[in-house]
Amino acid sequence: MDTTRGNKEMVLLAGNSHPELAQLIASRLGKPFGIVSAYRNSNQETMVEIGDSVRGRDVFILQTGTKDVNNNIMELLIMAYACKTSSARNIVGVIPYLPYCKQSKMRKRGCIVSKLLAKMMCKAGLTHIITMDLHQKEIQGFFECPVDNLRASPFLLQYIQESIPDYRNAVIVARDPGSAKKATSYAERLRLGIAVIHGEQKTNEDEQADGRNSPPLVEHSRIMDVGVGVPALAAKEKPPINVVGDVGGRIAIMVDDMIDDVASFVAAAEVLKDRGAYKIYVMATHGLLSSDAPRLIDDSPIDEVVVTNTVPHEIQKMQCHKIKTVDISILLAESIRRIHNNESMSYLFRNVTLED
């Protein structure tokens, strides 16, 4: 067994995606990030120059997904490959929000993009991945290297207990039936009830048509010709939107792994308000908050949107006072320290179940 690894000095590198989170992690580890320059030249090619020696060292590269997602990915891949060709001992990608994680299933005649991204990361030289709240836990299987999928739920649970007055009078709400498992996990930890919104317009990717009608709908078949043909698959029709569970006179807390397009959250909040909820909170790990999300949140019945700082959203916070941030840098810093020192990661998952 190699007993010298823990004594090797680690090297921390950061791309341009989230410098604020990089500073928080560096202050908690008591070690500054290394010198690295990542920029685009005149023809828009990504250029990376690393100013520190990484030979024989553990390199941790911090890069998360933002609105400039494709440049974030290229910076990460080039930085990892530069470390690989410079004889780094291990190259760990610290990716709080994994880009393209929503494209983890086949759609029409497309492809599973998150699988492609996983292969690219491993080929570039990453030997370990640290991420947080993957959209689908099965994405870990796409990687040919170890993946630690950390959870932000302890931080959000702590926020609920410490910052929401009278949270004992709350009910955890699943925005759609697909979120019921996560809502149940939160409710069990807080000893609260749950409610499920059913019948909203199709937003859950599990229910999207993949465009592949197989066998094809033809009038005559060379295999079976009995005059009836292949029966057509009936289209799904959702009933009018309804809330399963009692939210009258209660605080409604919607939980999800990310909040990007907020239109569905606003629609759910309006229904909860009509059913008698007197306060409405939205809790999510990744606050992408795309498009005109701040304005929609500000005009909605939602009282607070609470997200972690896995994705930078300072501009959105300035546009909407309802957006609050929970700092998870301590979890990322501790995971970096434990991996570098060959310590067990189970401590970081001690109160987490598979349903999170």
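So, here's what we can say about the structure. Source: prediction; values computed, not measured.

1. Observations concerning the pattern of salt bridges
Once the charged atoms of two side chains with opposite charge are near each other, the side chains can pair. By the definition in use, this model includes 12 salt bridges. Glu9 serves as the salt-bridge partner of Arg57, at 4.0 Å between the closest nitrogen and oxygen. Of this pair, Arg57 sits in the loop between strand S3 (46-50) and strand S4 (58-62) while Glu9 sits in the segment before strand S1 (11-14), and the two are 48 residues apart along the sequence. Judged by relative accessible area, which is 25%, Arg57 ranks as partly exposed. Since its relative accessible area comes to 44%, Glu9 is described here as partly exposed. A salt bridge links Glu343 to Arg337, with the nearest nitrogen and oxygen atoms 3.1 Å apart.

2. Thoughts on helix H2 (residues 69-84)
For H2, which comprises 16 residues, the first-to-last C-alpha distance of 23 Å matches the rise-based estimate of 22 Å (1.5 Å per residue) to within 8%. Every buried residue belonging to H2 is among Asn71, Asn72, Ile73, Glu75, Leu76, Leu77, Met79, Ala80 and Cys83, and all of these are buried.

3. Let's talk about unusual backbone geometry
A positive phi angle is found at Ser87, which is not glycine, with a value near 65°. Within the fold, Ser87 resides in the loop between H2 and strand S5 (90-95).

Rules used throughout
Residues numbered from 1 in each chain as written. Predicted model: local features only at pLDDT ≥ 70, side-chain atom pairs only at ≥ 80, totals over all residues. Heavy atoms only, no water. Salt bridge = Lys/Arg side-chain N within 4 Å of Asp/Glu carboxyl O. Helix = DSSP H or I, 4+ residues; strand = E, 2+ residues; numbered from the N terminus. Buried < 20%, exposed > 50% of the residue type's maximum accessible area, 1.4 Å probe, protein only. Expected span 1.5 Å × (residues − 1).

As far as function goes, none of this settles anything; it's purely spatial.
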